Structures are given as C-alpha cells and as structure tokens.
Amino acid sequence: MRVVVDLTRCQGYGQCVFLAPDVFTMRDEALLYDLQPAAEHREHVLRAAAACPVQAIHLDRTALPMPPPGAQEPRSAASGGDGRIVIVGASLAGARAAEVLRREGFTGSLTMIGDERREPYDRPPLSKQVLTGQVPPEHTLLPRLREVDAELLFGTPATGLDVAGKRVLLADGREIGFDRVLLATGTRARPWPDAAEGALHGVYTLRDARDAAELRQALAAGPRRVLILGAGFTGSEIASVCRELDLPVTVVERGPAPLFNAMGGVIGDVAARLQRDHGVDLRCGTTVTALESDGNGRLRGARLSDGSTVEADVAVVALGSVRNVEWLRDSGLAAGVWGVTCDAGCRAVDLNGLVTDDVFVAGDIARFPHPLYEYQFMSLEHWGNAVAQAEIAAHNMVSDQAHRWPHLSVPVFWSSQFGVNIKSVGVPTFADQVVFTQGSPEQGRFVAVYGYQGRITAAVTFDQAMWLEFYQRQIERAAPFPPDFRHVGGGVDGEPVPARVPERLVAAAGATVVVTGHDPAERRASLVHPH
Ligand SMILES: Cc1cc2nc3c(=O)[nH]c(=O)nc-3n(C[C@H](O)[C@H](O)[C@H](O)COP(=O)(O)OP(=O)(O)OC[C@H]3O[C@@H](n4cnc5c(N)ncnc54)[C@H](O)[C@@H]3O)c2cc1C
Ligand code: SF4
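Cut-offs applied
Residues numbered from 1 in each chain as written. Chains lettered and ligands numbered in written order. Predicted model: local features only at pLDDT ≥ 70, side-chain atom pairs only at ≥ 80, totals over all residues. Heavy atoms only, no water. Helix = DSSP H or I, 4+ residues; strand = E, 2+ residues; numbered from the N terminus. Rg over C-alpha atoms; globule rule 2.2 N^0.38 Å. Buried < 20%, exposed > 50% of the residue type's maximum accessible area, 1.4 Å probe, protein only. Contact = heavy atoms within 4.5 Å. Areas by Shrake-Rupley, 256 points an atom, 1.4 Å probe, with all protein chains shown as cover. Lys, Arg positive; Asp, Glu negative; His and termini not counted. Charge placed at Lys NZ, Arg CZ, Asp CG, Glu CD. Phe/Tyr/Trp six-rings, centres within 6.5 Å; stacked < 30°, edge-to-face > 60°. Lys NZ or Arg CZ within 6 Å of the ring centre and 35° of its normal. Domains from an automatic or database assignment. Buried area = accessible area lost by both parts, 1.4 Å probe. Near = heavy atom within 4 Å. Polar contact = N/O pair within 3.5 Å; in protein donor to acceptor, adjacent residues only side chain to side chain. Expected span 1.5 Å × (residues − 1).

Peer 1: Could you clarify how one ought to interpret the overall build of the protein chain in this entry?
Peer 2: Scanning the protein chain from N- to C-terminus turns up ten helices and 35 strands. Expected size for 531 residues packed as a compact globule is a radius of gyration near 24 Å; at 23 Å, the protein chain falls within 12% of this value. The dimensions of the protein chain, computed from C-alpha atoms along their principal axes, are 60 × 55 × 50 Å. Here the protein chain holds 531 residues, and 55% of them are scored as buried. In the protein chain, the proportion of contacts linking residues at least 24 apart, taken out of those at least 6 apart, comes to 64%. Put simply, the protein chain shows about 22,900 Å² of open surface, and 51% of that area lies on carbon and sulfur atoms. One finds the centroid of the 51 positive side-chain charges in the protein chain at a distance of 1 Å from the centroid of its 63 negative side-chain charges.

Here it is as structure tokens:
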C-alpha cells in the first residue's frame, strides 16, 4: 500500500494521527508518515484518508475499497481524445499528467519515457524521513491514483526532440513518434564545480533515491563531522537531520543567512537562529574554496574563503539545481539554463518566442509567466507546482483552444527542519516589505506577510500552517499591504520592515540568444552556445 500526503494542503489538525497512529505522527506541526505502511494498517489509513478535512491523503488505487471512477466519457478525436501522447520524464509531474490524461478521457496511445529505472517516487522524503532512517528509500514510490494504460520506457534517456518531425529520440537509437508531447524532465543537483574534488569519496549530492540511500549510509556510519555547502532548503534539511542523528555539522553559506534566496533576510535571520540553537556550526557570508583529499581519494576537509579550514569526512554539495534541458538543445525550443519557456497554458515557446501547438511543459523544468506577479516568468521547484502544472498541461493536451485552462495556482511550498513546519504561499522574493501578523520569531511560531507596492504577495508560516489558506485568498485578490490587522488575529504591534530579498537575477550563463534578419518575415532568434 502506498501513501502520499499533499503537504501543500495539509493543515496539521492531526485527524490522521488520531485515526492511524502507527502510520502518521506529528512533530510539533510537521506531519511525518510511513509512505508504505503494512497491510495490517489499511483500514486505519482508509479511515484517516476519508476523515482528512482537506482530502490531502492520496492512496494507491489498489488500496481503495472501490476503484476510482475510470476515464470520463471518452473524448472525440476532434477534441484530442485519441492519437499518440508521449511524456518525457517519469517522475511527479509526468506521472500525474498520465493519470489526468486518462481521467480526462484520453483513449489513445500513451508512452512514458524516463531515464530512471524505478517507478515514479516522491522526492521530499529523501531529505527528511529517508535520511533519518525512518523510511527506506525504496518505500517512497508514489501511489498510483488510477489505472494508467501506458507503455513504460523506464531506464531510457531521451536524447533529442524533433518538433517538426514529431519524434522523441532515445539513447538506445529508437525514435518514438507523437502527436503531442509533454516535457517533464525536471532538474538535477548542481555538482561541485571541480570534478576531481567532487569525485572524492565522502562527497555527496542529493536529488534521487540512490543519492539518498548512499548519503543515509554515510550518515549512519557516524562521521566525525558533516560539512554542508549551501543553506537553501535541501542543505538546511540535511543539517537538521544531522543534528537529529547527533552528528556535528558545519553549514557554509555564501549569502547572509539560510533560506535567504527563497525567503529574504528577515526570515533568513530567524532560520539562522534556529540552526545555531540546534547546535549547527553555521558560517554565512562564506564559501568553500576547495575540498581536500587525504591523499587516498577520501575527503579530509575543506578550505573556506575566510582562510579557515573545516575537517569533515562527509560533505554534501547543496548548491541548487540544474535543469535537464541538454536533450532539447537542437529542438528549436526556448530551452536553456532557465528551463523550458512556456505560456500559462503550459505550451512550449520556440526560440522565436512563438507558442507551439503540440509541445507542453510541466514541473521543475518549466518557466512560465504568472499574471499575479506582473507576468514575470518563473521557475518553481515545488512539489505543489509540479502537480498543479501537470494537471493543467494534461487537460490542455486533450482540449481545444476554447476549453484550455491557464496555470494560475498560487505557489505553495513546505519544508520541515529542526522540528519546525515551514510553509510559504505566494512568491516571498517578490516583495519590498514584510510584517509579522501572528505570533513572533521569539515564540518560534508566526506568520510573516510579504508586500510589494502596497499589496500582499506572499506569506511564510513557522508552525502556523492553518493561516496559509487565508493568505492565499488575500494574495489572489491582491489585498492591500500591510494587512488590516482587525481581520488577521489582532494584537499585533509589529510594523512592516524592509523585506531584504535578493535581487532578481536572470540566469545568463550557457547560451546567448541572437536575432538575425531584417524583414519581419525572415527575422529569427537563435541560440549561440559557447562551444
Ligand atoms: C531532496 C528533495 C527534497 C524536496 N523537498 C521538497 C519539499 O519539502 N517541498 C516541496 O514543495 N518540494 C520539495 N522538493 C521538490 C519536488 O520534489 C520537485 O518539485 C518535484 O520532484 C518536481 O517534479 P518533476 O516531475 O517536475 O521533476 P523531477 O522530480 O526532477 O523528475 C524529472 C524526471 O525526469 C527524468 N529525466 C531527466 N532527463 C531525462 C531525459 N533526458 N530522458 C528521460 N528522463 C529524464 C529525471 O531522471 C526524473 O526522473 C524536493 C526535492 C528534492 C530533490
Ligand atoms: S490535514 Fe489531513 S493529512 Fe494533514 S494532519 Fe489533518 S488529517 Fe492529517
């Protein structure tokens, strides 16, 4: 039996903990659960899923007393009901899109191509329950929400996309034809820039189940000290696990505070205190300049930009991610270090900025305009976005223009670290001010609301997830900032302060776009790669 909880929805009221205590547990406000509970817990889990007030608990269809309704009425060929659909990238976005295509009445041939050999699995537990040893990495498979009749080509990387010829090229030489294709190849961990240092025994990255299994083994062996490079969400969660395992840990962060790039300096300061209070040796405004070998190919430690050294036998490079776009290099699509550009309906944009008809994009790889944020293009590496965008993309793939939907969901993200359930809604870096509306950093529980030019654009909660939905509505209706305190808990004496968010940097490395031609009929954009 497989279980996944949509933690973007979960409000932490704990009915599931009450009804299935062997499967769900609550640590303060953070919900932890067994992703593959034993059959004997089935009844309890079914009751918990039925009782969850926000229907956040998703179960494998095989666990359900009655299978979910099959496809809707089959769609006619004219409205996209048949033909060949290929999905490239068999993870969260790809798997959800496949389920929605069948739910929407798509009866044609469906092929899923993925370079991993495993069935689609859930990544968030990899930096949490899997590293602590509570959940084995092989117990993270995503529940199959419904029957998906599809050809599964797992362990088969795609190497090219021929948009005009409607073919996906595979590494084994095969070519898979399509009428419509969904690109969902996500991201991978950014490696340490010095390949020889990165290859030292004891240096890890964390993106997939194998990485998690290896890192878990290294942590379980009881290293003298763990060094973490980068204090974003992944680095901070791994630091939290290290402290939970009572391992000494040093975190080196280039920016002024942990989580700064995602949430700005005000919350960054709170996160820094949280880490230090839990015994993390946190060094901000500092970088690692070299990883050092012991002379036998093993990591011995690292040199830092402030001239100091750290001795460590495990290092985790948590410096963000790289989008898996190389296979699209000759596709003619606007695909680069920024991801694959698409419109709000998930249709890919070509190099000239024209929207394509048959190529769709979803998940971490997508870069799309969001009307709530001045139509700026954004790439979100969020579980909730991958699911929501995959659902929109799948719907649009089988709908005509008049019935297509825009992807307008407000971004939601969660993280659990140092016993705190951190959640955000909206885009916290799209802000000039922030104010604490409920609780306070001193209490360790609060809501911080972000505003941009007089309207609410985001909210971050520490152990106050129940407020998230309220602020989501405020963001959706562009409610004024600062919020009217009479409506939000009252008793708040805080004044808005500068949000101290990072400059919005545009990724530029990798390739340059040039425009050639004079006549409008011949003007074209093309990518110029450095090599
Ligand atoms: C350790 C970790 C912890 C996380 N924690 C959280 C969290 O707490 N909260 C949250 O909101 N989000 C979290 N996330 C983010 C969330 O897991 C991602 O947003 C989500 O996995 C994105 O799904 P995706 O399908 O778009 O991409 P991915 O999950 O990256 O899947 C892409 C798939 O495509 C495959 N692929 C790549 N190139 C090719 C190719 N050429 N041919 C075929 N297949 C290819 C990849 O191997 C992969 O299987 C976490 C991610 C990680 C790694
Ligand atoms: S909202 Fe649902 S999943 Fe979350 S704690 Fe409550 S019952 Fe459990």
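After presenting the structure, the write-up continues.
Peer 1: Whenever I open this one, the packing of aromatic side chains confuses me. Can you help?
Peer 2: For any pair of aromatic rings, the description consists of the separation of the ring centres together with the inter-plane angle of the planes. For the coordinates displayed, the defined rule picks out ten aromatic pairs. For the ring pair Phe233 and Phe413, a centre distance of 4.4 Å and an interplane angle of 45° mean the geometry is tilted. Of the two residues, Phe233 is situated in helix 7 (residues 233-244) and Phe413 in strand 28 (residues 412-417); the sequence distance between them amounts to 180 residues. Of the two residues examined, Phe233 and Phe413, each falls in the buried class. Relative to Phe470, the ring of Trp467 lies with its centre 5.8 Å away and its plane at 85°, an arrangement referred to as edge-to-face. For Phe470, a relative accessible area of 28% gives the class partly exposed. Lying across the ring of Tyr121, Arg118 places its NZ or CZ 4.5 Å from the centre.

Peer 1: I would appreciate a short explanation of the domain arrangement of the protein chain in the present structure.
Peer 2: Here the protein chain is partitioned into domain 1 (1-63), domain 2 (81-186 + 324-410), domain 3 (190-319) and domain 4 (419-498). Taking only C-alpha atoms into account, the centre of domain 2 sits 31 Å from that of domain 3. Of the residues lining the interface, 13 residues belong to domain 2; the matching set on domain 3 comes to 14 residues. Buried area between domain 2 and domain 3, summed over both chains or domains, comes out near 1,200 Å², and the portion from carbon and sulfur atoms is 63%. Of all residues in domain 2, Ser127, Leu131 and Thr132 give up the largest surface area on contact with domain 3, accounting jointly for 46% of the area buried on that side.

Peer 1: What is the right way to look at the site of ligand 1 in this model?
Peer 2: Surrounding ligand 1, one finds 29 residues, the nearest of these being Asp115, Glu116, Arg123, Lys128 and Arg207. Between ligand 1 and Lys128 there is a distance of 2.7 Å, counted from an oxygen atom to a side-chain nitrogen or oxygen. A distance of 3.5 Å separates an oxygen atom of ligand 1 from a polar atom in the backbone of Thr187. Coverage of ligand 1 by the protein amounts to 94% of the 1,000 Å² it exposes when considered alone.

Peer 1: Explain helix 3 (residues 92-103) to me, please; I cannot follow it from the model alone.
Peer 2: Residue pairs three or four apart in sequence face the same way in an α-helix, which turns once every 3.6 residues. Counted at 1.5 Å a residue, the expected span for helix 3 with its twelve residues is 16 Å, and the 17 Å between its end C-alpha atoms agrees. Among the twelve residues of helix 3, eleven are classified as buried, and the element is accordingly described as predominantly covered. The inward-facing, buried residues of helix 3 contact strand 4 (57-59), strand 5 (84-88), strand 6 (109-114), strand 11 (180-183) and helix 9 (383-397). Within two residues after helix 3, Gly105 carries a phi angle of roughly 95°, on the positive side.

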